[in-house]
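Geometric and topological summary
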Amino acid sequence: MDFTLSKEHEMARTLFREFAEKEVKPLAIEVDETEEFPKATVEKMAKAGFMGIPIPKEYGGQGCDVLTYAMCVEELAKVCGTTAVIVSAHTSLCCDPILTYGTEEQKQKYLPDLASGKKIGAFGLTEPGAGTDAQGQQTKAVLEGDEWVLNGSKIFITNGKEADVYVIFAITGMIEKRGRMTKEISAFIVEKGTPGFSFGTKEKKMGIRGSSTYELIFTDCRIPKDNMLGQQGKGFGIAMHTLDGGRIGIAAQALGIGEGALDRTIAYVQERKQFGRAIGAFQNTQFQLADMATKAQAAQFMVYKAACTKDQYTKDHKTSYNVEAAMAKLYAAEMAMEVTTKAVQLHGGYGYTREYEVERMMRDAKITEIYEGTSEVQRMVISANLLK
Ligand SMILES: Cc1cc2nc3c(=O)[nH]c(=O)nc-3n(C[C@H](O)[C@H](O)[C@H](O)COP(=O)(O)OP(=O)(O)OC[C@H]3O[C@@H](n4cnc5c(N)ncnc54)[C@H](O)[C@@H]3O)c2cc1C
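Described below are features of the structure shown in this document. The model shown is predicted, which means the values in this text are computed figures rather than measured ones. (Residues numbered from 1 in each chain as written. Predicted model: local features only at pLDDT ≥ 70, side-chain atom pairs only at ≥ 80, totals over all residues. Heavy atoms only, no water.)

1. A word on the overall build of the protein chain
Note the following rule: Helix and strand definitions follow DSSP, with helices as H or I runs of at least four residues and strands as E runs of at least two, each counted in order from the N terminus. With C-alpha atoms as the basis for the radius of gyration, the globule rule is written as 2.2 Å multiplied by the number of residues raised to the power 0.38. Relative accessibility thresholds used throughout: buried, under 20% of the residue-type maximum; exposed, over 50%; partly exposed, between the two (1.4 Å probe, protein chains only). A contact between two residues is defined here by any heavy atoms of the two lying within 4.5 Å. Each accessible area value is a Shrake-Rupley result obtained with a 1.4 Å probe; residue values ignore everything except the protein chains displayed when judging cover.
Along the backbone of the protein chain there are 12 helices and 10 strands. Against the compact-globule benchmark of 21 Å for 388 residues, the protein chain has a radius of gyration of 21 Å, which places it among compact chains. Viewed in the frame of its principal axes, the protein chain has a C-alpha envelope of about 80 × 45 × 40 Å. The proportion of buried residues among the 388 residues of the protein chain is 53%. Long-range pairs, those at least 24 residues apart, make up 74% of the contacts in the protein chain between residues at least 6 apart in sequence. Counting only carbon and sulfur atoms, one obtains 54% of the accessible surface of the protein chain, whose full area is about 17700 Å².

2. Concerning a nonpolar patch on the surface
For the record, the criterion: The patch calculation keeps residues exceeding 30% relative accessible area without a salt bridge and links them within 9 Å when they carry like charges or within 5 Å when they are nonpolar (Val, Leu, Ile, Met, Phe, Trp, Tyr). Just to be clear on terms, a salt bridge is a Lys or Arg side-chain nitrogen sitting within 4 Å of an Asp or Glu carboxyl oxygen.
On the surface, Met1, Phe3 and Phe301 cluster together to form a nonpolar patch covering roughly 450 Å² of accessible area. Mapped onto the elements of the fold, Met1 is located in the segment before α1 (7-24).

3. What to know about the pattern of salt bridges
Following the criterion strictly, the structure yields 27 salt bridges and no others. Here Glu23 makes a salt bridge to Lys22, at a shortest N to O gap of 3.4 Å. One salt bridge in this structure joins Glu338 and Lys342, with 3.2 Å as the shortest N-O distance. Separated by four residues within a single helix, Glu338 and Lys342 lie in helix α9 (residues 322-346), roughly one turn from each other. When its relative accessible area of 29% is taken as the criterion, Glu338 is described as partly exposed.

4. Some details on the site of the ligand
Here is the rule: Here a residue is considered near a molecule or strand provided that any single heavy atom belonging to it is located within 4 Å of it. In protein, a polar contact means a hydrogen-donor-capable atom and an acceptor-capable atom, both N or O and within 3.5 Å, with residues adjacent in sequence counting only if both atoms are side-chain atoms; elsewhere, any N or O pair within 3.5 Å suffices.
Near the ligand there are 18 residues, and of these Thr126, Thr132, Phe156, Thr158 and Thr374 occur at the shortest range. Between the ligand and Thr374 there is a distance of 2.7 Å, counted from an oxygen atom to a side-chain nitrogen or oxygen. Starting from 970 Å² of accessible surface for the ligand in isolation, the protein chains cover 64%. Breaking the shell around the ligand down by element, the ones donating at least two residues are β1 (121-124), β3 (147-158) and α12 (375-386). The biggest single contributor to the shell around the ligand is β3, with three residues.

5. A look at unusual backbone geometry
Positive phi outside glycine occurs at Phe156, with the angle close to 60°. According to the relative accessible area criterion, Phe156 is partly exposed, its value standing at 49%. Residues other than glycine seldom take positive phi values, yet Arg178 does so here, at roughly 45°. Given a relative accessible area of 84%, Arg178 falls into the exposed group.

Nothing here speaks to function; it is geometry throughout.
Structure (C-alpha cells):
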C-alpha cells in the first residue's frame, strides 16, 4: 500500500489546479447567477485535454487512469461544482459506456470527437415515472427495417441540449423471467439533430445552476439499427455498470466541493475578528475545522480507492468496483453537505450572502446526495453486498 501520489499524478493535479484557479474560479459566481452553461470554459478544457482524460490514446484521449480523471473533477469542483459535473457526466456517463460496450465502428465513430471535446456527451436513463426505479421506464424503441424508432421522454438530463451524443435507454420488448413478463431494456446512441429528437423543459435548480439539465423528447425518432449500444436486452446492466463508474466522478465532485468550502473557511476564520481576536482562535471554530478536515481526508481516500479499483477493472475486466464506488459517493456526498453547512455557519451572516460563495457550495453539495443514485440507493448497494 502506498499513499503517495506518483510524480505524474502530482503534475496532473498541479495542471488541473492552475486551470481551475485561472479559468474557472473567476467565472463561478457568474455561471451560478446567470444559470448559463460555461461554453467558453468547456472549449478551453477541451483544448487542455480534460474531456478525454481516461480515454485511450488510440481513440483520441489522454490515455490516463481513472485516478487522474477523478483528480481533475475534484480540482474543478473546489471552485465550481457546475464545471466539474459537465466533465463527469460527459466522461463517465457517455464516453465510458461507448468505450466499454461499443463496437469497434462505434468507438471509431464517436470517441475521437468526444475525447477531444469537439462533441459533448450525455446519458438519458431517468424518466418522470422512473428515477430510483429505473426499470419503470416507458420510452420504447421498435425495430422497423434498418432503423429503431424511439418514442418517449427522459427528464433531468445533465448536459442536455448542449450535448451532441446521448446514450439513451429504451424498452425493446417484453421477456419472460422466472414465469413473469418483464421489460427488455436496450441502450442506444442518439445524436442531436436527429429528426424526432427534441428538448423540452430546462430545469431551474437549487445548485449546479450552470449545468444544463433538460428534458429529452423522442417522437418517432429514427436512428440507424447500428446505433444500438451493446446487445439487445442488456441495457439495464449497461446503465447500472455505467453508473458505478459515474459515481466515482460524482464522489470526486462532492469531495472537491467539501475541500473548496474548507479552504475558504480556513482563510476566513483567520481574518475575521470578534471579541478582539480572530474567530479561528475560538476552540469551537478549531474543533469544527478539525472535524471538517478529517472527514474530507477520509472521503479523499475513499474516492481515490474507488478510482484505483476501477483502474484495476480496466486492466483485468474482472475486479468489481461497485461497492467502492457506492461507499465513496455516499460518504463524500454526506461529507460535502456537512462541511459546506458548517462553512456557512463559520462565515456567520456573510456566509448567507452570495458574495462569499460558501452558500453556493452548500447548494451545489446537495445534488451529490441525489443524482447518479440517491444516498439511499448507495446504502442498498453496500448492504446487498454485505448480506449476499
Ligand atoms: C440536477 C440533476 C441532474 C441529473 N442528471 C441526470 C442524468 O444526466 N441522466 C439521468 O438519467 N438522470 C439524471 N438525473 C436523475 C437522478 O439520477 C434522479 O433524480 C435520482 O436517481 C432520483 O430519482 P427521482 O428524482 O425520481 O427520485 P425518487 O426515485 O422518486 O426518490 C425519492 C426519494 O425516495 C427514495 N427512494 C426511492 N425508492 C426507494 C427505496 N426502494 N428505498 C428507499 N428509498 C427509496 C429516494 O432515495 C429519494 O430519497 C438528474 C437529476 C437531477 C436533479
